[in-house]
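Structural characterization, general
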Amino acid sequence: MKINYCLPIIKSKADEVIKTLADHQKDYDYFEIWLDYIKDFNLDLMRNLNKKYGPQLIFLFRRRNLQKPKMDLEQKIKIMKMLDQSESFLDLDIFAQKKELALLKTFKKIRFIASYHNYQETPGDKKLHEVIALMKKYHPEIYKISTLCQSPSDALRLIDLLTELKEKNASCIVSGMGQKGRISRIAGAIWGNALSYTPVRIREQSAEGQLTKLQFNRILKNIKICYFVADPAKHSLSPQMHEAGYFALGIEDKFLFLRRRVNKRGLKQFIDEVKKDPHFCGAGISIPHKTEVTKYLDDIGGIAKKIGAVNTVIKRGGKLIGFNTDWIGVVEALQKKIKIKGKKVALIGAGGAARAAAYGLIKNKAKVKIFNRSLVHAKKLAQDFGCDFSDLNDLKEITKMDIIINATSVGMNEDKSPVNKNFLIKNHLVFDMVYSPPLTRLIKDAMDCGAQVILGKEMLLHQGAVQFELFTDRKAPVETMREALT
Ligand code: NAP
C-alpha cells in the first residue's frame, strides 16, 4: 500500500509558502497550495514553485467552505496559462468554479483534478453518481469527492464509491469530512486514494476531519480491519451497525468494518490475503460462502461444525477460526418475545440459516418441523438435527404451530412470501429472517391477521452483537447498533 501524503498549505505570505515547502519536501509527496489566501501573490512565485516542485504541486483558487474568493478572473487566466505549460495540477470544484472550468477548453494540457465539495451532507448515491458523470465530461486526471459525513454509513457509502471508481481504474480521492468521515480517509488510504490530506498540525486542516500525518500513521499502523464478505455485498447493513458500535465505545480509530464483494472464485484468494494481512481481525461471512469457507480455515468451532456453516471468521495467533453466530441471533430474537421451550416451530428453508436456527431451537427444546422446496435438503437437515420434515405443499400444517420462521431467501427484495396468507393465524409468532425490505410480504401478511412478528433485522442485530464481541473483545453496545439499523 503506497500512500501519497499531501500537505495543504494555507498561508497569507509567499515567504511562508516557500518555507513550508522547503521544510516538508522530504515528508510529503504532494503539496496543495491555496492561492487565494496569499496576499502578496505574484506570477514569479508560481513560476519558481513550478520549476522547483512541478508535479508535486496542486493549486487551488478556492477558499475554505467554498467562501467567495478574492482573486479576479484575469489573474486566474494568467495562472491557468502558466499551468498549461507545467506539470503541476489544478483542482477546480465542479459546481462552484464554472467560469474556470469553461477555460479548460482553452488550456487543454492542464493536469486537472475535478472536485466536488459538500459541507452540509453526503448526498444520496444517485446524486454522487451524477456528480461523477458530470466530472467525466471534463476528462479529469483525478476525481475528488469530499462531503460531510453525518453518520458512519455516509462514510461507508463513500468507501463504496471509491471501490467502484477503483474497479473502473479511475484515479480518485474520496474523503469524508467531519469526525464521522475519518473512516473513509483511513479506508481510502488502504484502498488506493490517490492522495491523503494530512496537515502537520491539526489547526492547519483544510477540511474538518483531516488527521495530522502523525495521527494518520499511528491509526494506520494499529488499525484492525473487519469485513463483511458476500456476493453481492452492497445491501449489507453490518458495516454501519459495527461502525456505530465502534463510535459508541470510542474505538473508531482502532477498528474498521468494510464491505468486501467476493465472488465464489475469489474466496480462496481472499482468505489467503487476510491470513497474511497483519491488520485483519475478522469477517462476517454471508451468501454464498458460508459452507465453502470452511474448507480454507485452520479450525472451526464445534457448534459451527455441527451446523455445517460459518458466518464469522476471526484471526487468533495467525490462525483463522470459524464460528457461527446466526443461531444465537435466532434464539435471542425469539427469546425477547416468547419462551422457546416446548413450542411447535415451522422452520421454512433448509439452507445455512435454517440449519443455524434448527440448532438453536432444538438446543432450547422446541419441536421443530422443516418445510423446504427441495425435499432432499429438508430430509438431510431433519436427519442431522432429529426433527420432522416435509415439502412446501404441506405448509397448511402450520396453522397448528406456534412459531413460523422463514429461513428461505423468498421475499428478499421482492414482494413475495413463502407462506400462503390463509395459513397464518392471530396466535402465530412470525419471524422472517429476510431483512431487505424491513417489512417483507410475509411480515405484512402476519401483521394483517394480528400475529406477532419478528423482523430479520432483530436477528441481524443479535448475531452481529456476538460477532462484535468476538472481533473487539468488548461488550457490544446493542442499543446503538440497533439504532444504526433503522
Ligand atoms: P441458502 O443456504 O442459500 O438457503 C436458501 C434456502 O432458501 C434454501 O432452503 C432454498 O431451498 C430456499 N429457497 C431459495 N429460493 C427459493 C424459492 N424461490 N422458493 C422456495 N424456497 C427457496 O441461504 P441462507 O444462508 O440459508 O439464507 C436464507 C435467507 O436468510 C436469506 O434471505 C438470508 O439473507 C437470510 N439470513 C438472514 C440473517 C439475518 O441476520 N437476518 C442471517 C442469515 C441469513 P432449496 O433447498 O430448495 O434450494
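Before going into details, it helps to say that this report is about the structure given with it.

**A short note on the packing of helix H6 (residues 152-167) against helix H9 (residues 238-249)**
Across the interface, H6 lies against H9 with an axial gap of 9 Å and an inter-helix angle of 130°. Classified by the interaxial angle, the pair formed by H6 and H9 is oblique. Between H6 and H9 the crossing geometry is right-handed. Touching Pro152, Ser153 and Leu156 of H6 are Pro239, Gln240, Glu243, Ala244 and Phe247, all from H9. Across the contact of H6 with H9, the residue classes break down as five nonpolar, two polar and one charged.

**Describing a positive patch on the surface**
A surface patch of like charges, here positive, comprises Lys339, Lys341, Lys363 and Lys365. With respect to the secondary-structure elements, Lys341 resides in the loop between helix H12 (326-335) and strand S15 (344-348).

**What about the site of the ligand?**
Near the ligand there are 25 residues, and of these Ala350, Ala353, Asn372, Ser374 and His377 occur at the shortest range. Interatomic distance of 2.8 Å between a side-chain N/O atom of Asn372 and an oxygen atom of the ligand. In the complex, 78% of the free accessible area of the ligand, which totals 930 Å², lies under the protein chains. For the ligand, the cavity whose grid points lie within 2 Å of the majority of its atoms is the largest pocket. Contributions of two or more residues to the shell around the ligand are made by helix H13 (352-363) and helix H16 (456-472). Sort the elements by how many residues they give to the shell around the ligand and H16 lands first, with four residues. Considering only residue class, the shell around the ligand consists of twelve nonpolar, ten polar and three charged.

Conventions used here
- Residues numbered from 1 in each chain as written.
- Predicted model: local features only at pLDDT ≥ 70, side-chain atom pairs only at ≥ 80, totals over all residues.
- Heavy atoms only, no water.
- Axes fitted to C-alpha atoms, helices over the stretch in contact; angles between N-to-C directions.
- Helix = DSSP H or I, 4+ residues; strand = E, 2+ residues; numbered from the N terminus.
- Parallel < 35°, antiparallel > 145°, perpendicular 65-115°, else oblique.
- Left-handed = near helix turned anticlockwise from the far one by under 90°.
- Contact = heavy atoms within 4.5 Å.
- Nonpolar A, V, L, I, M, F, W, Y, C, P; charged D, E, K, R; others polar.
- Patch = residues over 30% accessible without salt bridge, like charges linked within 9 Å, V, L, I, M, F, W, Y side chains within 5 Å.
- Areas by Shrake-Rupley, 256 points an atom, 1.4 Å probe, with all protein chains shown as cover.
- Salt bridge = Lys/Arg side-chain N within 4 Å of Asp/Glu carboxyl O.
- Lys, Arg positive; Asp, Glu negative; His and termini not counted.
- Charge placed at Lys NZ, Arg CZ, Asp CG, Glu CD.
- Near = heavy atom within 4 Å.
- Polar contact = N/O pair within 3.5 Å; in protein donor to acceptor, adjacent residues only side chain to side chain.
- 1 Å grid on protein atoms, 1.4 Å probe; cavity = no way out; pocket = protein on both sides within 12 Å on 5 of 7 lines; lining within 4 Å.
- Sits in = over half its atoms within 2 Å of the grid points.

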